[in-house]
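# Structural features, examined
This is what each chain is made of:
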Amino acid sequence: MGSSSHFDVAIIGAGMSGLAAGIRLAHFGKKVCILERHSVWGGLNSFYKKGGHHFDTGLHAMTNWLEPGYRGPRVPLQRIYRQLRLSPELFQLEKQGHSQVIFGDVRLRFENGLERLASEIAREFPAEVDGFLRLAGDLEGYPEANQDVPFESTRDRLEGYIKEPLLREMLLAPLLWYGSAHEDDVDFEQFQILFNSIYREGFCRPREGVKTIIFALVRRYAETGGELRRNTGVSRLLVRDGVVTAIELDDGAVVTASQVLSSAGLVETMRLRSDQPKDAVREHEGQLAFTEAIHVLKRPMRELGFDAAITFYNRGPRFTWRSPEDRLVDLDSSVICVPDNFAHESPLAEHRLRVTHLAHNQRWFSLGAEEYEAEKARMVGASMSVTAGVAGDFRPHVTYTDAFTPRTVTKYTGHINGAIYGSPHKQKTGRTDLGNLFVIGTDQGMLGIVGAMLSGVAVANTVGSG
Amino acid sequence: MTEQEVKDIVIAIINDIAPDEDTSNLDGAVRLREQLDLDSMDFLDIVMELRKRYKVEVPEDEYMQLATLDGCVSYLKPKLEAAAA
Ligand SMILES: Cc1cc2nc3c(=O)[nH]c(=O)nc-3n(C[C@H](O)[C@H](O)[C@H](O)COP(=O)(O)OP(=O)(O)OC[C@H]3O[C@@H](n4cnc5c(N)ncnc54)[C@H](O)[C@@H]3O)c2cc1C
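### Regarding the sheet that holds strand β15 (residues 329-337) of chain A
Residue and element names in this part refer to chain A. Pairing is mixed across the open sheet formed by seven strands, whose spatial order is β7-β6-β14-β15-β16-β13-β17. A single partner strand is all that each edge strand has here, and the edge strands are β7 (106-110) and β17 (398-404). Going from strand to strand, the sheet's axes swing by 20° on average, the running direction of each strand aside. In this structure, strand β6 (residues 99-103) lies alongside strand β14 (residues 310-314), joined through four bridges in parallel fashion. Bridge pairing links Gln100 to Thr311 in β14. Lying over the sheet, helix α6 (residues 165-177) contacts β6, β7, β13 (289-297), β14, β15 and β16 (351-359), oriented at roughly 130° with respect to β6.

### Some points on unusual backbone geometry
All names here are of chain A. Positive phi, normally seen in glycine, also occurs at Asn64, with a value near 65°. Summarising the element assignment, Asn64 is placed in the loop between β4 (53-56) and α2 (76-84). With relative accessibility at 3%, the residue Asn64 sits in the buried group. Positioned with a positive phi, Gln92 is a non-glycine residue whose angle comes to about 50°. The partly exposed category is assigned to Gln92, whose relative accessible area is 39%.

### Details of the pairing of strand β12 (residues 254-262) of chain A
Residues and elements named next belong to chain A. Here six bridges tie strand β1 (residues 6-12) to β12, and the two strands are oriented parallel to one another. Paired with His6 across the strands is Thr256, a residue of β12. Of the strand pairs in this sheet, strand β11 (residues 243-249) and β12 are connected by two bridges, and their pairing is antiparallel. Paired with Glu248 across the bridge in β12 is Val254. Where β11 folds back on β12, the antiparallel hairpin that results is connected by four residues, among which Gly252 adopts a positive phi of roughly 95°.

### Here's the deal with the domain arrangement of chain A
All names here are of chain A. Looking at chain A, the domain boundaries give domain 1 (6-60 + 210-284 + 425-465), domain 2 (114-197) and domain 3 (287-413). Between the C-alpha centres of domain 1 and domain 3 there is a distance of 29 Å. Across the boundary between the two partners, domain 1 contributes 14 residues, which contact 18 residues of domain 3. Regarding the contact of domain 1 and domain 3, the summed buried area is about 1200 Å², with carbon and sulfur atoms giving 51% of it. It is His53, Phe55 and His60 that lose the most area in domain 1 upon contact with domain 3, and together they represent 48% of the buried surface on that side. Remark: the boundary between domain 1 and domain 3 carries one salt bridge. Here Lys50 makes a salt bridge to Asp402, at a shortest N to O gap of 2.8 Å.

### As for helix α4 (residues 69-84) of chain B
Spacing of three or four residues puts side chains on the same side of an α-helix, whose turn is 3.6 residues. Residue and element names in this part refer to chain B. The largest bend in α4 is about 40°, located at Leu76, with the proline Pro78 one to four residues further on. Taken together, the buried positions of α4 are Leu69, Gly71, Cys72, Val73, Tyr75, Leu76 and Leu80. On its buried face, α4 sits against α1 (3-17), α2 (32-35) and α3 (40-54).

### Quick notes on the side chain of Asn196 of chain A
You can see Asn196 of chain A is positioned in helix α7 (residues 188-201). When near neighbours in sequence (up to four residues on either side) are disregarded, Asn196 of chain A contacts Leu139, Glu140, Gly141, Tyr142, Glu201 and Gly202 of chain A.

### Some words on the interface of chain B and chain A
Residue-level contacts link 15 residues of chain B with 16 residues of chain A. When chain B packs against chain A, close to 1300 Å² is buried across both sides, 39% of that on carbon and sulfur atoms. On the chain B side of the interface with chain A, the three residues burying the most area are Asp37, Met41 and Met48 of chain B, jointly 36% of the side's total. Here Arg82 of chain A and Glu21 of chain B are joined by a salt bridge, their closest N and O atoms 3.0 Å apart.

### Some thoughts on the packing of aromatic side chains
Residue and element names in this part refer to chain A. With the rule as written, the count across this model stands at 21 aromatic pairs over all chains. Ring centres of Phe47 and Phe215 lie 5.8 Å apart, and the angle between their planes is 85°; on these two criteria the pair is classed as edge-to-face. Taken as a pair, Phe47 in strand β3 (residues 47-50) and Phe215 in helix α8 (residues 210-223) lie far apart in primary sequence, 168 residues in all. Overall, the relative accessible area of 15% leaves Phe47 in the buried class. Arranged with centres 6.1 Å apart and planes meeting at 45°, the rings of Phe191 and Phe195 form a pair that is tilted. Here the residue Phe191 and the residue Phe195 both occupy positions in helix α7, the gap between them amounting to four residues, near one helical turn. The burial state of Phe191 is the same as that of Phe195; both residues are buried. Above the ring of Phe7, the side-chain terminus of Lys31 is found at 4.9 Å from the ring centroid. Its end group placed over the ring of Phe47, Lys211 keeps NZ or CZ at 5.1 Å from the ring centre.

Rules behind the numbers
- Within every chain, residues take consecutive numbers counted from 1 along the sequence as written.
- Numbering of ligands from 1 and lettering of chains from A proceed in the order in which they are written.
- A pLDDT threshold of at least 70 governs which residues receive local features in this predicted model, and a stricter bar of 80 or more applies before side-chain atom pairs are shown or counted, although totals over entire chains, interfaces and linings include all residues.
- Here the side-chain values reflect all heavy atoms present in the structure, with hydrogen atoms and water set aside.
- Pairing between strands is defined by DSSP: at least two bridges between the two strands are required.
- Under the scheme used here, helices are H or I runs from DSSP no shorter than 4 residues and strands are E runs no shorter than 2 residues, and both carry numbers assigned from the N terminus.
- To obtain each axis, a line is fitted to C-alpha atoms, and for helices this fit is confined to the stretch in contact; angles are then taken between N-to-C directions over 0 to 180 degrees.
- We call two residues in contact whenever any of their non-hydrogen atoms come within 4.5 Å of each other.
- Working definition: with a 1.4 Å probe on protein chains only, accessible area under 20% of the residue-type maximum means buried, over 50% means exposed, and in between means partly exposed.
- Residue ranges for the domains trace back to a domain assignment, done automatically or taken from a database.
- A 1.4 Å probe defines the accessible area here, and the buried area is the portion of it lost by two parts on being joined, summed over both.
- Any carboxyl oxygen of Asp or Glu within 4 Å of a side-chain nitrogen of Lys or Arg constitutes a salt bridge here.
- Values of bend correspond, residue by residue, to the angle between axes fitted over the seven residues ending at that residue and the seven starting there.
- When two rings of Phe, Tyr or Trp (its six-membered ring) have centres within 6.5 Å they constitute a pair, described as stacked for plane angles under 30 degrees, edge-to-face for angles over 60, and tilted for the intermediate range.
- Two thresholds decide whether a charge sits over a ring: the Lys NZ or Arg CZ must be within 6 Å of the ring centre and within 35 degrees of the ring normal.

The structure is reproduced here in structure tokens:
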């Protein structure tokens with residue numbers, strides 16, 4: 001076999017986790033190759049151009065804002081900069097002013113750091129402040145990465161701190177939205193990570209969008225000498241005697257690698273294996289899927305009096321975090337993102353408003369082509385009128401709208417059911433039943449951009465030092 | 001190999017793994033972790049780079065020899081010289 005097609009490590013996917021793992025493994029002196037089916041990098045958080053506008057596929061906010069000059073126990077973004085040897089300026093992060101949770105007519109605002117949230121709770125739920133502070137104290141720090149601990153219900157644990165159900169729901173909503181692959185709940189260890197990432201450290205955003213993050217990673221990976229093949233899908237993993245022996249590509253070519261890291265997803269990766277049926281591990285398929293409308297506006301939302309960076313909206317007092325049963329899309333809750341409200345130095349070149357709703361995946365997949373376009377347009381219209389009620393009537397200022405559905409997500413990233421957060425069954429150690437096959441990214445357990453990068457780093461440290 | 005050269009090698013590695021730290025005024029006698037924000041993972045990276053760049057192996061139970069710059073110099077100088085020979 002030619003030396004050009006054997007690698008120490010092959011990585012499936014050039015998303016955040018694959019790129020981070022690639023950099024880290026190259027540091028260990030490994031000969032690495034990243035195989036990406038698409039023509040662009042980034043995976044779930046990539047970018048594209050449409051109607052003359054540049055769009056990010058996903059980016060609302062990055063979590064884990066790191067205050068310049070911070071000294072203290074290692075926090076996630078510091079770990080990423082260090083382990084990937086990136087200088088912090090490369091990401092061009094700007095922190096949010098504030099975000100908010102709105103349930104009916106109750107509103108809690110929060111900034112980075114817990115003070116604002118605590119004072120808002122003191123105003124709306126005076127009896128609960130002590131419980132909240134006790135919770136915050138108990139959640140300080142991060143659980144050890146890569147440990148396999150059993151699922152523990154956050155809803156149950158929260159009752160020990162907060163009596164008022166509405167407050168529990170309001171505190172949970174942002175964390176479920178930005179990090180739970182489980183319907184209606186989240187693992188308590190994951191909750192701790194999310195609480196710190198979103199409330200304690202908080203939101204920020206790369207000024208020019210996700211491209212900045214992707215380019216920093218791609219450039220760093222190139223510097224380390226790693227190979228990256230785009231337009232190169234993996235069609236099959238040949239398995240013999242408990243190991244992956246060869247990697248078959250879409251064009252029929254074969255590469256080999258001593259170790260394989262996959263960011264394709266747990267279920268998706270199982271189904272690439274030659275020793276598994278095409279519908280393997282059905283029970284682990286993720287279900288949570290979304291629609292999103294992305295509006296280009298003539299004026300910034302701030303001029304309409306709406307200055308929150310991210311708004312987590314829920315119509316009533318009880319938050320439902322599950323695939324809507326009888327509808328294509330659940331308009332009772334949404335996340336409203338305004339990129340302009342992160343940019344305080346100078347305004348952004350274009351004004352945007354992004355609105356996300358929970359969606360039923362199979363209903364979207366089963367629509368015919370014409371029906372699909374019609375339902376998509378209907379979803380956008382309905383979403384706009386609900387959002388106008390929360391954020392002010394932005395509709396006269398819209399110059400262009402793009403939208404995606406669960407179908408779009410599957411088409412571009414291969415994630416089954418358009419389930420952005422993957423399987424609820426996470427592989428926290430990254431290991432699989434095959435000795436040289438590892439899972440990274442979404443299905444290793446850490447979600448979001450920062451989570452995916454951390455996951456790549458953590459699994460690469462296991463693989464690289466072994 | 002001079003002591004200064006060994007120091008420069010170590011500082012060059014620290015600059016690569018912790019680009020956000022200021023290494024211009026390090027006191028050779030004081031523990032690096034007291035002067036710079038380095039954790040045990042960073043020390044692993046220093047060891048990793050010594051192996052990659054200079055083929056110098058530092059066994060895990062000798063990591064503490066690298067605690068100060070002066071410690072690095074006396075511990076690494078003979079190893080680097082042997083590896084270069
Ligand atoms: C709409 C949306 C909004 C989001 N908003 C935010 C946000 O605001 N903040 C945040 O932090 N996170 C956000 N996320 C989540 C975040 O983008 C993801 O958690 C993260 O990007 C996951 O990275 P990953 O590397 O685990 O997986 P992926 O990005 O899915 O990477 C997997 C890669 O593998 C490739 N691949 C799959 N199968 C194969 C194969 N067989 N052969 C070759 N290549 C293959 C895919 O093309 C893809 O590039 C959002 C996601 C979406 C979709």
